[in-house]
Amino acid sequence: MAESTPTSTKARKTRRRSIESDPPSMSSSSGRLTEELQCSICLDVFTDPVSTSCGHNFCKTCLNKCWDNSQTCNCPYCKETFKHRPDLKINTTLREVVDDYRKKNPEKKPEVLEKPEVVCDLCEERMLKALKSCLVCQSSYCETHLERHLRVAGLKKHKLINPVSNLEDYICKKHERPLELFCRDDQTCVCLMCDVTDHKNHNTVPIEEECEEKKTQLMKTQKDVQQMIQDRIQDVKHSAEVRKRNTEEEKAARVELFTDLIRSIERCQTELLEMMEEQQKAAEKQEEELIEELEQEITELKMRNTELEQLSHTEDHLHLLQIYSSLCSSRNTRNWPEISVKTDESLETLRRALTQLQDTLQEKLTQTVSTDLKRMQQYAVDVTLDHDTAHPDLILSDDGKQVRDGDIRQKLPDKPERFDRCVNVLGKEGFSSGRFYFEVQVKRKTKWDLGVARESINRKGKITLRPSDGFWTVWLRDGNEYWACADPRVSLSLRVKLQRVGVFVDYEEGLVSFYDVESSSHIYSFTAQSFTGKLYPYFSPCNNDGGKNSTPLIITPVRYNK
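The paragraphs below set out a description of the structure included in this document. (Residues numbered from 1 in each chain as written. Predicted model: local features only at pLDDT ≥ 70, side-chain atom pairs only at ≥ 80, totals over all residues. Heavy atoms only, no water.)

On to the nonpolar core. One finds Phe 438, Trp 448, Val 501 and Phe 539 to be the most contacted residues of the largest nonpolar core, which totals 38 residues. Setting aside its immediate chain neighbours within four residues, Trp 448 contacts Val 442, Val 474, Trp 475, Leu 476, Arg 477, Tyr 482, Leu 498, Val 501, Ser 540, Pro 541, Cys 542 and Leu 553. In this structure, Cys 39, Trp 67, Cys 78 and Phe 82 belong to the second largest nonpolar core, which totals 19 residues. (Core = buried A, V, L, I, M, F, W, Y, C linked by side-chain atoms within 4.5 Å. Buried < 20%, exposed > 50% of the residue type's maximum accessible area, 1.4 Å probe, protein only. Contact = heavy atoms within 4.5 Å.)

What follows is the structure in structure tokens.
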């Protein structure tokens, strides 16, 4: 006896009530991380995670309870059996990850999808929870209404599945029959009628068989993902260790540098003070000698004064006249203003000390910049000029490594990426992350521009070189005037004329630095910049200037400083 005709699909959809919670966004990184950190037994974030030899992770307490209630020890996930009960050790690395996750997500609960509650399609007043869904009847039944499917012979042949609210998705839309097979050729679910018509001679298998195979593949994929997690954790730890080691080495080098400078300053100070002390002793000795000499003169002058006093009262006129000339004649005495302590030697000593200190500072600075330049040269990239961006007046070499102004406009297509007024050209490859470095020969030129530019820069009409417009550059004008094109521009005081310029970019740090490669000295740095999109190497050989500036800019291979 057939069961009463089920209500239409639309009606069932209207009557079917399911209590569903909005699934969490599985695209979010937090959601993915939560799933990876869940114990498959308690469905909560790991507590004291342990790992089995088959590569799966569980809470230590959960796994012990599972094995305590079982006569065999097998993996609750993949069912691999162990001959002896493993001695569980806490996975400290995974526990650190879990602890870090808990700190960052203190209020969050594991994002577990709740299975919708499907109600019976035949209940009229009190809507009971469905126990099974029938693919033939396309209805869901509670325990009472399911009884006929378990008792009536004709209904026993119907295909029952766990209750679902979207039964229409389990039915072939073409033949209105249950989807019972899987076509491996077309990778789609089909019904028995499809198997003998549209998918005849195709490799079809029961859905259950294909699901088992897919589950096996999923388990393998899960193992791979878990291994990837472990690898990533190890990568993070290794990266942190390397960064810490490099930081410690750099700190030690900086401490040694400043220690040397302090010693040099102290040595100069000691030498200067010793020299001044010697000069002070010499001056004191000179003063003592002068005082003795002056005291002798004073004594002689006093004796002379006494003689003159006595002679002024004599009555012997003849004697007065005879000795008058000798008493009144001037004697050789030192003039006090001529006596002074020399300070020139002290000033000269100070000047020499400061000059020596300046030389030491310059030497240390050169060593430091040379070390930094060596490190940056490790990020050297192969830069080639992009013909499609070059101004029509520019002539590029066949290998794309040289550019100069030819003074003659070539007939080239006016592409959106081509500069049409300023004689500029960009590199072919752009960079949107990481670090990169390149070097350019600029010798024998009277003017040029060099640096990096944002992909979205204006390439038509007048261009202003400044960071706010997407340019981070330095330039040369009038043969010896160097400027950093900041906002406002910054004049650069260089000791020598540039021959080869190195350009270094750290995208994440927002850093663009320029170096004089020949002297291993720093030219200028744009710091704390905010980059968006790709950055491209930027070049301008500037106008030919009647042949005075005809030398090309040349992208040169990096020659690592020794």
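Mapped onto the elements of the fold, Ser 264 is located in helix 8 (residues 207-311). Overall, Ser 264 belongs to the buried group, its relative accessible area being 2%. As a C-alpha pair, Ser 264 and Ala 353 span 89 residues in sequence and 9.9 Å in three-dimensional space. (Helix = DSSP H or I, 4+ residues; strand = E, 2+ residues; numbered from the N terminus.)

Another point: unusual backbone geometry. Of the consecutive residues Asp 487 and Pro 488, the connecting peptide bond is found in the cis state with omega at 10°. Structurally, the position occupied by Pro 488 is in the loop between strand 17 (481-484) and strand 18 (490-492). Phi at Arg 444 takes a positive value of approximately 65°, unusual for a residue other than glycine. Inspection of the secondary structure assignment puts Arg 444 in the loop between strand 14 (435-441) and strand 15 (448-454).

So, on to the layout of surface pockets. Looking at the largest pocket, its volume works out to about 670 Å³. Taken together, 20 residues make up the lining of the largest pocket; nearest its centre are Arg 243, Asn 246, Glu 250, Arg 375 and Arg 435. Breaking the lining of the largest pocket down by element, the ones donating at least two residues are helix 8, helix 10 (344-377) and strand 19 (500-506). Top contributing element to the lining of the largest pocket by residue count: helix 8, with eight residues. A class-by-class count of the residues in the lining of the largest pocket yields five nonpolar, six polar and nine charged. (1 Å grid on protein atoms, 1.4 Å probe; cavity = no way out; pocket = protein on both sides within 12 Å on 5 of 7 lines; lining within 4 Å. Points joined across faces, edges and corners; volume = space filled by probe spheres on them. Nonpolar A, V, L, I, M, F, W, Y, C, P; charged D, E, K, R; others polar.)

Here the structure, examined in full by the defined rule, presents 26 salt bridges. Among the salt bridges present, the one from Arg 466 reaches Asp 469, with a minimum N-O distance of 2.8 Å. The exposure class of Arg 466 is partly exposed, given its relative accessible area of 29%. In the salt-bridge network here, residues are joined through shared partners; they are Arg 184, Glu 209, Glu 210, Glu 213 and Lys 214. (Salt bridge = Lys/Arg side-chain N within 4 Å of Asp/Glu carboxyl O.)

For the rest of this paragraph, the subject is the sheet that holds strand 5 (residues 132-134). Taken in spatial order, the three strands line up as 6-5-7 in an open sheet, and their pairing is antiparallel. At either end of the open sheet lies a strand with only one pairing partner, and these are strand 6 (139-141) and strand 7 (160-161). The pairing of strand 5 with strand 6 spans three bridges and is antiparallel. Looking across to strand 6, one finds that Ser 133 is bridged to Ser 140. Across the sheet, helix 5 (residues 143-151) is in contact with strand 5, strand 6 and strand 7; its angle to strand 6 comes to roughly 110°. (Pairing = 2+ DSSP bridges. Axes fitted to C-alpha atoms, helices over the stretch in contact; angles between N-to-C directions.)

In space, the three strands of this open sheet follow the order 9-8-10, with antiparallel pairing throughout. At either margin of the open sheet sits one strand with a lone partner, and together these are strand 9 (188-190) and strand 10 (204-206). Taking each pair of neighbouring strands and ignoring which way they run, the sheet shows an average axis angle of 35°. In the sheet, strand 8 (residues 181-183) pairs with strand 10 via three bridges, with the strands oriented antiparallel. For Leu 181, the partnering residue across the bridge sits in strand 10 and is Pro 206.

Take the side chain of Thr 551 next. In this structure, Thr 551 sits in the loop between strand 22 (535-540) and strand 23 (553-556). Among the polar contacts listed, one links the side chain of Thr 551 to the backbone oxygen of Arg 444, at a separation of 3.4 Å. Apart from the residues lying within four places of it in its own chain, the contact partners of Thr 551 are Lys 443, Arg 444 and Lys 445. (Polar contact = N/O pair within 3.5 Å; in protein donor to acceptor, adjacent residues only side chain to side chain.)

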